[in-house]
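If you want the building blocks of each chain, they are given just below.
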Amino acid sequence: MSRPIVIAAGGTGGHFFPAEAVATVLAERGHDLVLMTDARHGRRDTGLFRDLPQYVLDGAGVAGKGLGGKVRGVLALLRGIGEARRVLKSLDAAAVVGFGGYPSIPPLTASRFLPSAKRPRMVIHEGNAVLGQANAFLARFSPLIATSYATVARLPQHAQTTLTGMPVRAGIEALFGNTYAVPEERINLLVWGGSLGARVFSEVVPQALAALPEELRKRLKVTQQIKADDLDRVRAIYTDAGIEVEAAPFFTDVPACLRDAHLVIGRAGGSSVAELTMSGRPSILVPLPIAASDEQGANGQALVDAGAAWMIRQPDFTPTALTALLTDLFSQPEKLENAAKAAHFCARPHAAAKVADLIESALRP
Ligand SMILES: CC(=O)N[C@H]1[C@@H](OP(=O)(O)OP(=O)(O)OC[C@H]2O[C@@H](n3ccc(=O)[nH]c3=O)[C@H](O)[C@@H]2O)O[C@H](CO)[C@@H](O)[C@@H]1O
């Protein structure tokens, strides 16, 4: 094995899909790769990662409950850094690439504790319009930073940034350039809540749709991500309202869901927003209210400012407010069409290749 590139990633789909997209490009370009993740998230046995060497390190989040939890968290992190340092040294890694989140902290921090001749180059990718907590910590070590938005809040003043966009899975990248067909008879609505789903959409959306005039309800086909224990209850509301529904706790064929959608209702996580722009789909965004730095609000605002989306903050996301907005949009489909065009205009295609280019540039002497 030549000097490998270490991919430091873990966590929810939103954090992991970009890592997988970049790793795929690097593998195609002939680089040897290694995955480092943490014990909380465990091994990855899907896609490309199934066949990669993997190191599952200690070092979950430091935000444990109470003083005892915090102390345990810090000790786990220190153990993770120690393990990562040993592994990086023995691998003689050429670069360590982080994709945000706690799993990226031990490998990238450890790389700073290697002698300069052995020290791998350090690159981090930020998928949101606000620098995440883990990346903000790692930014102190002056890595190269790949960004997904033209403006990223909380970037240190002297950060070396390159605007690459947010890497998406190949099937979603393939949607770039597809056209948006204004709903004429059928209206396809996609409702999703991020990689873990979001109960608020099961509480608000069915009620809002059931209150639409019958003429609109008959035209609707809803494809909705619904948590398993809510499926029967929510399906029944749609059936009673005469609305066709396809529901599942998780959709694997996201490209098909996006391709068919005339409008998407969802959260504003980094990957979701990138996928909306790549497919050129208009959306109503309800940012996750508990997100650490309101990064979802910032991601969503970028689309709203571009005319590509409408945003409703969760406290205002009521059935009445949603019914009113949907009635307006469905009765003036040109608004949807304009938002679709604006969304497409925000897309940054080939982001995985651009991140890979940046990593390769860091490898050059
Ligand atoms: C990249 C990133 O930092 N993402 C955010 C998010 O990640 P989170 O993973 O929740 O959300 P993202 O929008 O980033 O990603 C969701 C991913 O799940 C996929 N999907 C969703 C539904 C489904 O049925 N099938 C499916 O495959 C989407 O296509 C997308 O690729 O969590 C945090 C809070 O916990 C946010 O504040 C983060 O900003």
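Keep in mind that this is a model prediction, so the values were computed, not measured.

Reading the values: the criteria
- Residues numbered from 1 in each chain as written.
- Predicted model: local features only at pLDDT ≥ 70, side-chain atom pairs only at ≥ 80, totals over all residues.
- Heavy atoms only, no water.
- Buried < 20%, exposed > 50% of the residue type's maximum accessible area, 1.4 Å probe, protein only.
- Helix = DSSP H or I, 4+ residues; strand = E, 2+ residues; numbered from the N terminus.
- Pairing = 2+ DSSP bridges.
- Domains from an automatic or database assignment.
- Contact = heavy atoms within 4.5 Å.
- Buried area = accessible area lost by both parts, 1.4 Å probe.
- Salt bridge = Lys/Arg side-chain N within 4 Å of Asp/Glu carboxyl O.
- Polar contact = N/O pair within 3.5 Å; in protein donor to acceptor, adjacent residues only side chain to side chain.
- Near = heavy atom within 4 Å.
- Areas by Shrake-Rupley, 256 points an atom, 1.4 Å probe, with all protein chains shown as cover.
- Nonpolar A, V, L, I, M, F, W, Y, C, P; charged D, E, K, R; others polar.
- Phe/Tyr/Trp six-rings, centres within 6.5 Å; stacked < 30°, edge-to-face > 60°.

1. Quick look at the pairing of strand 8 (residues 187-191)
Move 1: Of all the five residues making up strand 8, five are buried; the element is thus mostly covered by neighbouring parts of the structure.
Move 2: The two faces of strand 8 match: Ile 187, Leu 189 and Val 191 on one face and Asn 188 and Leu 190 on the other face are all buried.
Move 3: The pairing of strand 8 with strand 9 (residues 220-225) spans five bridges and is classified as parallel. Residue pairing across strands places Ile 187 opposite Leu 220, the latter belonging to strand 9.
Move 4: Sheet analysis places strand 8 next to strand 11 (residues 263-266), joined by three bridges and oriented parallel. Bridging from a neighbouring strand, Leu 190 pairs with Val 264 of strand 11.

2. A word on the domain arrangement of the protein chain
How big an interface is tends to be reported as the loss of accessible area on association of its parts.
Move 1: Examined at the domain level, the protein chain breaks down into domain 1 (5-166 + 349-363) and domain 2 (187-346).
Move 2: The straight-line distance from the C-alpha centre of domain 1 to that of domain 2 is 31 Å.
Move 3: Taken residue by residue, the interface counts 14 residues in domain 1 and 14 residues in domain 2.
Move 4: Each partner contributes to the roughly 1,100 Å² buried at the junction of domain 1 and domain 2, and carbon and sulfur atoms together form 62% of this total.
Move 5: There are zero salt bridges connecting domain 1 and domain 2.
Move 6: Taken together, the connections running from domain 1 to domain 2 amount to four residue pairs in polar contact (both at pLDDT 80 or more).
Move 7: Here the element with the most residues in the side of domain 1 that touches domain 2 is helix 1 (residues 13-28); it accounts for three residues.

3. What to know about the site of the ligand
Move 1: Taken together, 24 residues lie near the ligand, and Ser 195, Phe 251, Ser 272, Glu 275 and Glu 295 sit nearest.
Move 2: Side-chain polar atom of Asn 128 to an oxygen atom of the ligand: 2.8 Å apart, as the coordinates give it.
Move 3: With respect to the ligand, the backbone of Gly 270 contributes an N or O atom lying 3.4 Å from an oxygen atom.
Move 4: Its free accessible area being 760 Å², the ligand has 90% of it covered by the protein chains.
Move 5: Counting only elements with at least two residues in the shell around the ligand, the list comes to helix 1, helix 10 (270-279) and helix 11 (295-305).
Move 6: Counted by class, the shell around the ligand contains eight nonpolar, 13 polar and three charged residues.
Move 7: Counting contributing residues, the shell around the ligand receives three or more from each of domain 1 (5-166 + 349-363) and domain 2 (187-346).

4. So, the packing of aromatic side chains
Move 1: Using the criterion set out here, one finds three aromatic pairs in the structure.
Move 2: Ring centres of Phe 16 and Phe 49 lie 5.0 Å apart, and the angle between their planes is 65 degrees; on these two criteria the pair is classed as edge-to-face. With Phe 16 in helix 1 and Phe 49 in the loop between strand 2 (33-38) and strand 3 (54-57), this pair connects stretches of sequence that are 33 residues apart. The pair Phe 16 / Phe 49 is uniform in exposure class, with both members buried.

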